[in-house]
Each structure stands twice: as structure tokens, then as C-alpha cells.
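Inside the fold
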Amino acid sequence: MPLLIKNGTVVTAADFHRADVLIEGEHVKAIGHDLKAEGAEVIDAKGMFVLPGGIDPHVHLDMPFMGTFSSDNYETGTLAALHGGTTTVIDFILQTQGKSLRHALETWQGRMNGNLYGDLSWHMAVTDFNDDTKKEVKEMIEQEGITSFKTFMAYKGALMIDDRQMVGLMNEVKAHGGIVTVHATNGDMIDFLVQKHRAEGKLSPLYHYLSQPEITEAEATGRFADMASYTGVPAYIVHMTCEGALNHVRDAARRNQRVLAETCIQYLLLDASLYEKADGAKWVMSPPLREKKDQAALWGAIDQGTVQVVATDHCPFMMAQKAMGSADFSKIPNGHPAIEHRMELLFSEGVNKKRITVNKFVEVTATNPAKIFGMFPRKGTIGIGSDADIILLDPNERHTLSAKTHHMNVDYSAYEGMELTGKVKTVILRGQVAVHNGEVRIKKGYGSFVKRNKVSGML
Ligand code: URP
Ligand code: ZN
Ligand code: ZN
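Quick caveat, the model's predicted, so the values are computed rather than measured. The numbers attached to residues start from 1 for each chain and follow its sequence in the written order. Here the convention is simple: chains get letters from A, ligands get numbers from 1, in the order in which they are written. Since the coordinates come from a predicted model, pLDDT governs what is reported: local features require at least 70, and pairs of side-chain atoms require 80 or more to be given and counted, while whole-chain, interface and lining totals use all residues. Processing note: side-chain calculations cover all non-hydrogen atoms of the structure and skip hydrogens and water entirely.

1. Digging into the overall build of the chain
How we decide: Segments assigned H or I by DSSP are reported as helices when at least four residues long, segments assigned E as strands when at least two residues long, and all are numbered from the N terminus. Here the globule rule reads 2.2 Å times residues to the power 0.38, and the radius of gyration is calculated from C-alpha atoms. Only protein chains enter the accessibility calculation, which uses a 1.4 Å probe. A residue is then buried if its area is under 20% of the maximum for its type, exposed if over 50%, and partly exposed in between. Any pair of residues with heavy atoms lying within 4.5 Å of one another is described as a contacting pair. Every accessible area reported is derived by Shrake-Rupley at a probe size of 1.4 Å, with residue values counting cover from the shown protein chains alone. Residues scored as charged are limited to Lys and Arg (positive) and Asp and Glu (negative), so that His and the chain ends carry no count. Working definition for charges: the position is that of NZ of Lys, CZ of Arg, CG of Asp or CD of Glu.
In terms of helices and strands, the chain carries 13 helices and 19 strands. Taking 2.2 N^0.38 as the reference for a compact globule, 459 residues should give roughly 23 Å; the C-alpha atoms of the chain span a radius of gyration of 21 Å, in line with that estimate. Across the 459 residues that make up the chain, the buried fraction comes to 63%. Contacts in the chain between residues far apart in sequence, at least 24 positions, make up 77% of those at least 6 positions apart. For the chain, the accessible surface area stands at approximately 16,700 Å², while carbon and sulfur atoms represent 50% of it. Mean positive and mean negative side-chain charge positions of the chain (49 and 55 charges, respectively) differ by 1 Å.

2. Let's talk about the coordination of the zinc ion (ligand 2)
This is how the line gets drawn: Excluding water, the donors of a metal are its N, O and S neighbours within 2.8 Å, or within 3.2 Å for Na, K and Ca, and that exclusion means sites may look incomplete. Sites are called tetrahedral only when four donors show all angles between 85 and 135 degrees, square planar or octahedral only when four or six donors show opposite pairs over 155 degrees and all other angles between 65 and 115, and irregular in any remaining case.
Protein coordination of the zinc ion (ligand 2) is provided by His183 (ND1) and His239 (NE2), with donor distances spanning 2.0 Å. Because the angles between the four donor atoms bound to the zinc ion (ligand 2) fall within 56 to 152 degrees, the donor set is best described as irregular. Here the zinc ion (ligand 3) and the zinc ion (ligand 2) are spaced 3.8 Å from one another. Here His183, found in strand β12 (residues 179-183), pairs with His239, found in the loop between β13 (235-237) and α8 (243-254); they are 56 residues apart in sequence, far enough to count as distant. For the pair His183 and His239, one class covers both residues: buried.

3. Notes on the site of ligand 1
Using the following cut-off: Whether a residue is near a molecule or strand depends on its heavy atoms: it is near if one of them lies within 4 Å of it. Counted as a polar contact is a pair of N or O atoms within 3.5 Å, where, for protein atoms, one must be capable of donating a hydrogen and the other of accepting one, and residues adjacent in sequence contribute only when both atoms are in side chains. Under the scheme applied here, ten amino acids are nonpolar (Ala, Val, Leu, Ile, Met, Phe, Trp, Tyr, Cys and Pro), four are charged (Asp, Glu, Lys and Arg), and all others, including Gly, are polar.
As a structural note, the neighbourhood of ligand 1 is formed by His58, His60, Phe65, Tyr155, His183, His239, Met285, Ser286, Asp313, Cys315, Asn334 and Gly335. In this structure, an oxygen atom belonging to ligand 1 sits 2.6 Å away from a side-chain N or O atom of Tyr155. Contacts to ligand 1 include Asp313, whose side-chain N or O atom sits 2.5 Å from a nitrogen atom. Here ligand 1 has 270 Å² of accessible area as a free molecule, and 99% of this is covered by the chains. Tallied by class, the residues present in the shell around ligand 1 amount to four nonpolar, seven polar and one charged.

4. Some remarks on the sheet that holds β13
The cut-off we apply is this: Following DSSP output, two strands are said to pair if at least two bridges run between them. Working convention: axes come from line fits to C-alpha atoms, limited for helices to the stretch in contact. Angles between N-to-C directions cover 0 to 180 degrees.
Read from one edge of the open sheet, eight strands run β6-β9-β10-β11-β12-β13-β14-β15, paired in parallel fashion. Looking at which strands have only one partner, the edges of the open sheet turn out to be β6 (54-59) and β15 (309-311). Within the sheet, the average angular offset between the axes of one strand and its neighbour, ignoring direction, is 30 degrees. In terms of strand pairing, β12 meets β13 through three bridges, oriented parallel. In the sheet register, Val180 faces β13, and the bridge partner there is Ala235.

5. Observations regarding the coordination of the zinc ion (ligand 3)
Around the zinc ion (ligand 3), the donor atoms from the protein are His58 (NE2), His60 (NE2) and Asp313 (OD), and they sit 1.9 to 2.1 Å away. In this structure His58 comes out as buried when scored by relative accessible area, which is 1%.

6. Section: the packing of aromatic side chains
Which entries qualify depends on this criterion: Centre distance within 6.5 Å is the pairing criterion for rings of Phe, Tyr and Trp, where only the six-membered ring of Trp is used; planes under 30 degrees apart are then read as stacked, over 60 as edge-to-face, and the remainder as tilted.
Counted under the stated rule, the structure contains nine aromatic pairs. Between Tyr236 and Phe373 the ring centres are 4.8 Å apart and the planes differ by 70 degrees, which places this aromatic pair in the edge-to-face class. Of this pair, Tyr236 sits in strand β13 while Phe373 sits in the loop between α13 (358-372) and β16 (390-400); the two residues are 137 residues apart in sequence, bridging distant segments of the chain. We classify Tyr236 as buried; its relative accessible area is 1%. Residue Phe373 is classed as buried on the basis of its relative accessible area, which comes to 0%. Where Phe347 meets Phe361, the ring centres are 5.5 Å apart and the plane angle is 90 degrees; that geometry is what we call edge-to-face. Of this pair, Phe347 sits in helix α12 (residues 342-351) while Phe361 sits in helix α13, placing them 14 residues apart in sequence. In terms of burial, Phe347 and Phe361 fall into one category: buried.

7. Re the domain arrangement of the chain
Under the convention used in this document: Marked domain ranges trace back to an automatic or database domain assignment. Here's the idea: put two parts together, see how much 1.4 Å probe accessible area each one loses, and the total over both is what we call buried area. Salt bridges are defined by distance alone: a side-chain nitrogen of Lys or Arg within 4 Å of a carboxyl oxygen of Asp or Glu.
Once the domains are mapped, the chain shows domain 1 (3-51 + 385-398 + 419-440) and domain 2 (53-372). The C-alpha centroid of domain 2 is placed 30 Å from the C-alpha centroid of domain 1. Between domain 1 and domain 2, the contact holds 27 residues from the first and 24 residues from the second. Counting each side, the surface lost to burial between domain 1 and domain 2 is near 1,900 Å², with a carbon and sulfur contribution of 67%. A per-residue breakdown of the area domain 1 buries against domain 2 is headed by Ala13, Leu420 and Leu429, which together make up 26% of the total. Linking domain 1 with domain 2 are two salt bridges. Of the charged contacts in the structure, one is a salt bridge between Lys423 and Glu344, with a shortest N-O distance of 3.8 Å. Viewed at the interface, domain 2 and domain 1 are joined by nine residue pairs in polar contact (both at pLDDT 80 or more). When contributions to the side of domain 1 that touches domain 2 are tallied by element, the ones reaching two or more residues are β5 (49-52), β16, β17 (419-429) and β18 (432-436). Per-element accounting of the side of domain 1 that touches domain 2 gives the leading share, nine residues, to β17.

8. Description of the pairing of β16
Where β5 lies against β16, four bridges are found, and the strand directions are antiparallel. By the bridge assignment for β16, Pro52 is matched with Ile390. Relative to β17, β16 is paired through eight bridges, and the arrangement is antiparallel. Residue Asp394 lies in a different strand from β17, and its bridge partner there is Lys423.

Below you can see the structure in the form of C-alpha cells.
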């Protein structure tokens, strides 16, 4: 049955207008005034923003990490995302050092198949670049639609690659039309500081923060940008937190190089003072939360277009998992839960507090991730022929975040008690009402894997 959204304010990255949206099958059929469709189910969107479904390009579901697994799996994670208006996520496959990318892909497919509520794609994290891995890059891009390759300059001894591997990977990814993304912090410096603090008996969560000072991120960001400039590969820095790192992106721009940057909602709203609390482990993530001056720099960079994406780096762990590091900060599994609330947090604190426009909101939560990662215009906008991934958001409804009411599989909220203005009321995924007023209307398995295009240079 066709679906007709009437009387809403349709917003894309470029437009803002009163219009109706007609959906047929999985796609948008028409956008216009006073649309009519025989037999259509009509959704009244009066007073609502009608927005593209969110795309969160940085989540970790059911991921083996630091001796445990992130606590949201493909079922709970994609459903929680839908509740908060995120219709597509890009998750990470981690290559095991010594094994192939194909082996990693098959392992991750086994965990994911049949379990998705929302749509999902993968970045391939290359943790061991060698002659064999090199041959697989083309195959991943052309056969599997996995066009982005994640690298870690940190997590020494586990995920980190060296600069020789980085340059080799960059050359190969560039040759086949992909993009290299990076966790840009200096793993050797961090390792030195972690060991120093441990040797001094400084073991509380505060020392997680003090082991990753701003310079560790700024240095690696500059080094990555230089290697990307040398190889010419499209380059994207994940979870940027601080002014020092931003300045290296600005330096690259001054030599006419484009380095794309993502920040995450927590770096805009939370700061390092949380590490002094008794339950500071809740916010142990890498890179760590930073200072108020960094928040100001990041908001400014979003406004200026230096930061193009606001993601979550959703990597939740139960409190019992966080307690693995109760006697030693270096054993606390890194990551925090946010997949469900990125859209509402950014709308409330960004749009409603007039830090960004609603068009910019759409740009950084949906359109830019779709463009950068080869999904546009299929996803990331409301356009004729696009996937009908659409949310209705009431800009005035007030609500309070809490672990008691969220849908993520984690027993705390990093934003407990925070009052927001602006709530996602209806979520449509490829033409199906997936969630309406909190009620789930699709079944597990409805979500599908998104094969992505080569990087088009659209952004
Ligand atoms: O603390 C974090 N960010 N955990 C997930 C892995 C990563 O570095 O993105
Ligand atoms: Zn990371
Ligand atoms: Zn991450």
C-alpha cells in the first residue's frame, strides 16, 4: 500500500519546504503540494519535520574487543538505532592479524545474517596489510561493496598498523576507488603513557584520559593527512575530538588537500571532568572526552564545514564489563552507548539551541555520510527515486534520557537524566513504517545489507 506523508515540513541538506511525500514500494515517488494517492495510508505530519533517516557511519555491534564483546548485537543495535531515527549504520569488520579479509568478512556475516532490523553496511578494518591482503582490496570494493578501509594508528599490539602498512594500503585503496579511514592517535606515545601511569600506581579512569593527551591525536592526524596527501587517497578521520587535530586538517586544506573529518556526539556534549567521578569508567573511550575549548572548536568546525559528519562510535559495554578494569584503567573496555540518541541529542542541543541549522543537521547526520561512503542519492536525502528512509521528528516534544527507557542492550545511560527537546516519532525504512510512537512494526530480518559504490568524489 502506498504511504502518503501529509502536512509536514520536508527538510533536506539543501531545502526546507511544506510538502507532502508519496512513497510507493521502497522508494519516494513524489514530493509536492496536496498530493493524493488512491488507497494510500496517510500519515499526518502537521507540526513535524520530515527528515532523511539518519546514517551513523561509526558503530561497533557484537564486536570482539579488549577481551569481551560490545553488548549490542545486530538485532538490538539496529533496533535501538531505528527507535532514535537512524535507519542505516556502518559497522566495522576487524581483520584478525595473520588471517585474510575474506575470513573476517565471513565471520562477521555469520553474526549479522538474519538479525538486522535496520539497514547496515561495513567498513573493513585492515589490521595486517601484506601481499595477500593487498590482493583482497579490489575484491572487497568490486564484489562486496565494501569501499571503505579502516585503520588504527593506536591499540598497539592488537589493531595498530605501522606507517609502512598505511602507505601500502592507501596506494591500493586509491587504485581501486575506495577511501581510507583512521583512528588517528599515536599508539606508541599512548602505550608509553599507559605503562608509565600503571608503574606509578595511577590506575583510576582519570589516567585513561591523561594517557591520551591532545598531542597524541594531533600528531597522528597530521601524519595521516601527510601520508594521504603523498598517496592521493580519499581520507577520512573518525571520532575527532580536539582543536589540535582540527588544526592539522586546516593545514591540509591550506595546501588544497581535502581531509574529511567526523566527530561524535559525545565530544560535542560531554567533557573530561566526568573522569573524576567514581563511575568514570562509563565514559572511558578512545580518544577520551576532552575540554570545553575543544567542544567549542568542534561546533565551529561543523559550522565551517571542516567537520562533515557527526557519528556515535557506539561501542557499548555493560557495567559488569566495564568492571573488568576496576583495578586498572587500561583494562576497561573502551566505548560508550549512543546509537539510539545521536539524532535527538544533536537536534536538541544543536538545532534547538541554535548552534546549527536544521539543514546542517540533515547534512551531518545523513547526507554527508551517504555521499562520503557511496550511498548517495539512494540514501541520505528525500528525493524522487531515493530509498524511502524518512523520519518524522516533533521539534517541541520534551523527554528525558534514561537507561530505564532506552532500547540499547546496556545497563546504563551516558546521558542519564538529560532533558531533550525534540523527539523522533515515526521512522520509515524503505517504505515500511518501522517504528511509530515507540511501537515496532517490522520484524527482525527486515534490515538489509547495503553494498556501497566506489567513492564518487561527491563531497
Ligand atoms: O573507545 C572506543 N572508541 N571504542 C571503540 C573502538 C574505537 O576506537 O573506535
Ligand atoms: Zn577508534
Ligand atoms: Zn570506533
